[in-house]
Amino acid sequence: MHRAGHLAARILDDVAPMVFPGQTTEEIDAAIEGMVADAGAVSATIGYRGYKHASCISVNHVVCHGIPGPKVLKEGDILNIDVTVIVDGWFGDTSRMYVAGKLGRKAERLVQVTHDALMKGIEAVRPGNTFGDIGHAIQSFVEAQRMSVVRDFCGHGLGQVFHAPPNVLHYGRPGTGPRLEEGMFFTIEPMVNLGRPETKVLADDWTAVTRDKSLSAQFEHSIGVTATGADIFTLSPGGKFHPTWT
Ligand code: MF3
Ligand code: CO
Ligand code: CO
């Protein structure tokens, strides 16, 4: 899990210079596909339920599962890039936010809150706590900032499979849901909207967007539960997880 997570995170580091106004998301995806191959790894998303790309790239009001394509990024666009790789049969799944050019004021707040929400969720991970504690930590933080947590997509168990039980909800009540145990592997990947939480999936059957067209952001880590907390498998080797790392 460490090797798979490290590769996925390293690819997200290395793709950062490719995000700029004028770039297309399909060029970014092609670079990611090349990096997975160069590492001798396998893309988990190519061929997954008919999906054809090595990444999901979700721009502005796209919540998740954005399909890379010929659309050109413009100044101030925010985007999530989500990469899942398989290394010797083990899955590493991570995503983070990028900006083309300069981050706008509202977008910066959204991205910061979403990043911090993921970290609050991870802070709630320890044996004895429950999945509801994770969801509550995320939801209460996000809603206190007057933003909303997407309900229609969740994190998931992973390991030698891509999506395993349980569903990791990014909202919930303390003490509810399954109990966390040492050795569990799962993702936490909150999606946060500036407006309302509702989403819809476009006719391509993948692209999920906010119904009210408000901006959306997401960060994702793959983690393991340790005796005392969480081991984050997808930490950025270059310290570039947050888009203002420069
Ligand atoms: N990586 C996504 C997740 O976090 C799943 C993408 S599936 C795809 O679970 F087919 F859309 F790529
Ligand atoms: Co995931
Ligand atoms: Co993912």
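Look a little higher up for the structure.
Quick summary incoming for the structure in this document. Keep in mind the model is a prediction, meaning the values are calculated, not measured. (Residues numbered from 1 in each chain as written. Chains lettered and ligands numbered in written order. Predicted model: local features only at pLDDT ≥ 70, side-chain atom pairs only at ≥ 80, totals over all residues. Heavy atoms only, no water.)

### Concerning the pairing of strand β14 (residues 221–225)
Every other side chain in a regular strand lies on the same face of the sheet, so the side chains alternate between the two faces. Taking burial as the measure, the five residues of β14 include five buried ones, the bulk of the element. Side chains of β14 alternate between two faces, with H221, I223 and V225 and S222 and G224 buried alike. Sheet topology places strand β9 (residues 185–188) next to β14; four bridges connect them, and they run antiparallel. If you follow I188 over to β14, its bridge partner there is H221. Two elements, β14 and strand β15 (residues 230–232), share three bridges in a ladder whose sense is antiparallel. Looking across to β15, one finds that V225 is bridged to A230. Counted between consecutive antiparallel strands, the loop separating β14 from β15 contains four residues. (Buried < 20%, exposed > 50% of the residue type's maximum accessible area, 1.4 Å probe, protein only. Helix = DSSP H or I, 4+ residues; strand = E, 2+ residues; numbered from the N terminus. Pairing = 2+ DSSP bridges.)

### A short note on the site of ligand 1
Surrounding ligand 1, one finds 14 residues, the nearest of these being T45, H156, H163, E189 and E220. In the model, a nitrogen atom of ligand 1 is placed 3.2 Å from a nitrogen or oxygen of the T84 side chain. At 3.0 Å, a side-chain N or O of E220 approaches an oxygen atom of ligand 1. Of the residues in the shell around ligand 1, the class split is five nonpolar, five polar and four charged. (Near = heavy atom within 4 Å. Polar contact = N/O pair within 3.5 Å; in protein donor to acceptor, adjacent residues only side chain to side chain. Nonpolar A, V, L, I, M, F, W, Y, C, P; charged D, E, K, R; others polar.)

These figures come from the coordinates and say nothing about function on their own.
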